[in-house]
Amino acid sequence: MEKRNRIIRIITFLMVIFLVTSACRLTRSTDLTTPEEAQQIPQESVETLPAQTGQTILVPEYAALEGSLEALYEQVSPGVVSLQFTTAEGGGQGTGFVIDKEGHIVTNYHVASEATELEVHFPSGLKVYGTVIGTDMDSDLAVIKVDVDPDVLVPLTLGDSEAIKVGQTVVAIGNPYGLSGTMTVGIVSARGRVLDSMRQTESGTFYSSGDTIQTDALINPGNSGGPLLNLNGEVIGVNRAIQTAGTSITGGAVNTGIGFAISSNTVRRVVPALIETGTYAYPYLGLSSYSNMSLAMVEALKLPQSTGAYVASVVAGGPADQAGIKGGTQPTAVQRLTTGGDLIIAVDGIEIKDFSELMSYLVLNASVGDDIVLTIIRSGKTMDVTVTLGQRQ
């Protein structure tokens, strides 16, 4: 009997140990996974967690932009035409846009200037022959005239290119590779760029073409002469050129995605003259400068500041030379860099940072025969020099 009671006590003891051990395990387990702790993350934190890879985020502003782009295309595309031309050396394609109800169409000089036959194709399906009535190789602009019913013409509005800002959304519509009515979207990448004009000087170099807009809206061969538009549907530029680099496996030039457009304010000055007289007289200063100067160049030239347009040379007998502007004549440690020239820091009281700003001012504000005042630094002294502008030949 006593032996039986001892066995019962042993069994009871073992059961107590088992229950205590199980309780301890359950306690440790619930310390890690309580539902209350799993819900402690605030709701706002959950909504602002970074997006996971592959997750699509809907941006309301972009959705609104998509709607505006559709409306913009419907509004302006009827006024954009495709051009097919024949020259003595072959043929090509380009783009243009209607600017009035009289049948005037703007395009590039390099598209239309040598055309012996020019077809104008409207989005409606109408196809007519056009006549080139005016060209300007400095701005790379041309005007074509078509004889059609005014009711079929949808003129585009010229905007103010001076009001555009870098980063602003822009749209290009054109005829790349014969794909008429193609629309691409980008931004204004920069303003006030300077490209070579298509007009050569007597020495064989090219004049400068200022106030050019840089954009990353995709532009390809055939887009030339087409409009660059803001989101109001206003033309703020005429697509002119692309930056290329090297050649592709097919032998063609590689488009870098950098495009250039003639500013609408340049169009506003040049086109009326092309319609009226067939030509435009460009103001001529008669000096050359560097588009961009490094600190090493500034130091070699011993300039007092890094901003301004350094006069590398002046054309003998030209307007700048006659006014007494001096170019560099003394050699420096940098090859082909001569010191002693004037540093232009302002024009008509408006400060300039570089040569491109000087060119933009002349293109938009000056005419042949005008007197302009250049503020220069010469030998450490600041002075004003009046220059009477000539005409490019």
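What you see is a predicted model; the values in this text were computed from it and never measured. The residue numbering used here restarts from 1 in each chain and proceeds along that chain's sequence as written. Predicted model: local features are reported for residues with pLDDT of at least 70 only, side-chain atom pairs are reported and counted for 80 or more only, and whole-chain, interface and lining totals are derived from all residues. Hydrogens and waters are ignored; side-chain quantities use all the structure's heavy atoms.

### Looking at the pairing of strand 4 (residues 117-121)
Two faces make up the sheet, and in a regular strand the side chains alternate between them.
Next, step 1: Strand pairing follows a simple DSSP-based rule, namely that at least 2 bridges must link the two strands. The numbering of helices and of strands both runs from the N terminus, where a helix is a DSSP run of H or I of at least 4 residues and a strand a run of E of at least 2. By the bridge criterion, five bridges tie strand 1 (residues 80-87) to strand 4 in an arrangement that is antiparallel. The residue bridging Q84 from the neighbouring strand is E119, located in strand 4.
Next, step 2: For strand 4 and strand 5 (residues 127-129), the ladder comprises three bridges, and the chain directions are antiparallel. Across the sheet, the residue bridging to V120 is V128, located in strand 5.
Next, step 3: Taking the residues between adjacent antiparallel strands as the criterion, strand 4 and strand 5 are bridged by five residues, where G125 takes a positive phi near 105°.

### Notes on the pattern of salt bridges
Next, step 1: Only one rule defines a salt bridge in this text: a Lys or Arg side-chain nitrogen within 4 Å of an Asp or Glu carboxyl oxygen. Tallied over the entire structure, the rule returns six salt bridges.
Next, step 2: With a shortest N-O distance of 2.7 Å, R378 and D342 are connected by a salt bridge. Here D342 lies in the loop between strand 18 (338-339) and strand 19 (343-347) and R378 lies in strand 21 (residues 371-378), a separation of 36 residues in the sequence.
Next, step 3: Members of the salt-bridge network, linked through shared partners, are D138, R199 and R392.

### What to know about the side chain of T339
Next, step 1: With respect to the secondary-structure elements, T339 resides in strand 18.
Next, step 2: The class for T339 is buried, based on a relative accessible area of 13%.
Next, step 3: A polar contact of 3.0 Å, which involves the side chain of T339, links it to the backbone oxygen of L301.
Next, step 4: Apart from residues no more than four positions distant in its own chain, T339 is found in contact with L301, Y310, G328, T329, Q330 and T332. Burial status follows relative accessibility: with a 1.4 Å probe on protein chains alone, a residue under 20% of its type maximum counts as buried, one over 50% as exposed, and anything between as partly exposed. Definition of a polar contact: a pair of N or O atoms within 3.5 Å, with one able to donate and the other able to accept a hydrogen when the atoms are protein atoms, and with sequence-neighbouring residues admitted only if both atoms are side-chain atoms. Between two residues, a contact is recorded if the distance between any of their heavy atoms is within 4.5 Å.

### Quick notes on the environment of T87
Next, step 1: With respect to the secondary-structure elements, T87 resides in strand 1.
Next, step 2: By relative accessible area, which is 18% here, T87 ends up buried.
Next, step 3: In this structure the C-alpha to C-alpha distance between T87 and A112, which are 25 residues apart in sequence, comes to 9.2 Å.
Next, step 4: When sequence neighbours within four positions are dropped, the list of residues in contact with T87 reads E114, A115 and T116.

### Remarks on the environment of P331
Next, step 1: Along the chain, P331 turns up in strand 17 (residues 330-331).
Next, step 2: A sequence separation of 30 residues divides P331 from L301, and the C-alpha atoms of the two residues are 9.3 Å apart.
Next, step 3: Beyond its immediate stretch of four places on either side in the chain, P331 contacts L337 and T338.

### Considerations on helix 9 (residues 355-365)
Next, step 1: For helix 9, the tally of buried residues reaches nine of 11 residues, placing the bulk of the element in the interior.
Next, step 2: Taken as a whole, helix 9 has its buried residues at F355, S356, L358, M359, S360, Y361, L362, V363 and L364.

### Side note on the sheet that holds strand 8 (residues 169-174)
Next, step 1: What the six strands build is a closed barrel, ordered 8-9-10-13-12-11; its pairing is antiparallel. On average, each strand axis in the sheet is tilted by 45° relative to the strand beside it, whichever way the strands run.
Next, step 2: Bridging between strand 8 and strand 9 (residues 182-200) involves six bridges; their strand directions are antiparallel. Counterpart to V171 in the pairing with strand 9 is V185.
Next, step 3: Orientation is described by axes fitted as lines to C-alpha atoms, over the contacting stretch for helices, and by angles from 0 to 180 degrees between their N-to-C directions. Packed on one face of the sheet, helix 6 (residues 264-276) meets strand 10 (206-215), strand 12 (235-247) and strand 13 (253-263) and runs near 55° to strand 13.
Next, step 4: Strand contacts of helix 9: strand 9, strand 10 and strand 13, with the helix running at about 95° to strand 10, the strand carrying the most contacts.

### Remarks on the pairing of strand 9
Next, step 1: With six bridges joining them, strand 9 and strand 10 adopt antiparallel strand pairing. Bridge pairing in strand 10 links V188 to T215.
Next, step 2: The turn joining strand 9 and strand 10, which pair antiparallel and follow one another in sequence, is formed by five residues; a positive phi near 100° is taken by G204.

### Some remarks on unusual backbone geometry
Next, step 1: The residue Y177 is not glycine, and still its phi comes out positive at about 55°.
Next, step 2: Structurally, Y177 can be placed in the loop between strand 8 and strand 9.
Next, step 3: Look at Y177 and you get exposed, because its relative accessible area is 56%.

### With respect to the packing of aromatic side chains
Next, step 1: Two aromatic rings, drawn from Phe, Tyr or Trp (for Trp, its six-membered ring), form a pair once their centres lie within 6.5 Å of each other, and the interplanar angle then sorts them: stacked below 30 degrees, edge-to-face above 60, tilted otherwise. The final tally for this structure, using the stated rule, is three aromatic pairs.
Next, step 2: An angle of 85° between the planes, with centres 5.2 Å apart, marks the rings of Y280 and Y282 as edge-to-face. Each member of the pair, Y280 as well as Y282, is classed as buried.
Next, step 3: Geometrically, the ring pair formed by Y290 and Y310 is stacked, given 6.3 Å between the ring centres and 5° between the ring planes. With Y290 in the loop between strand 15 (287-289) and helix 7 (295-301) and Y310 in strand 16 (residues 309-314), this residue pair connects regions lying 20 residues apart in the sequence.
Next, step 4: Of the residues examined, Y290 reaches a relative accessible area of 22% and is grouped as partly exposed.

### A word on the confidence of the model for the protein
Next, step 1: Per residue, pLDDT measures the predictor's confidence, with a range of 0 to 100. Mean pLDDT over the protein stands at 84; residues scoring 70 or higher make up 83%.
Next, step 2: When the elements of the protein are averaged for pLDDT, helix 2 (residues 35-38) gives the smallest value, 30, and strand 3 (residues 104-107) the largest, 98.

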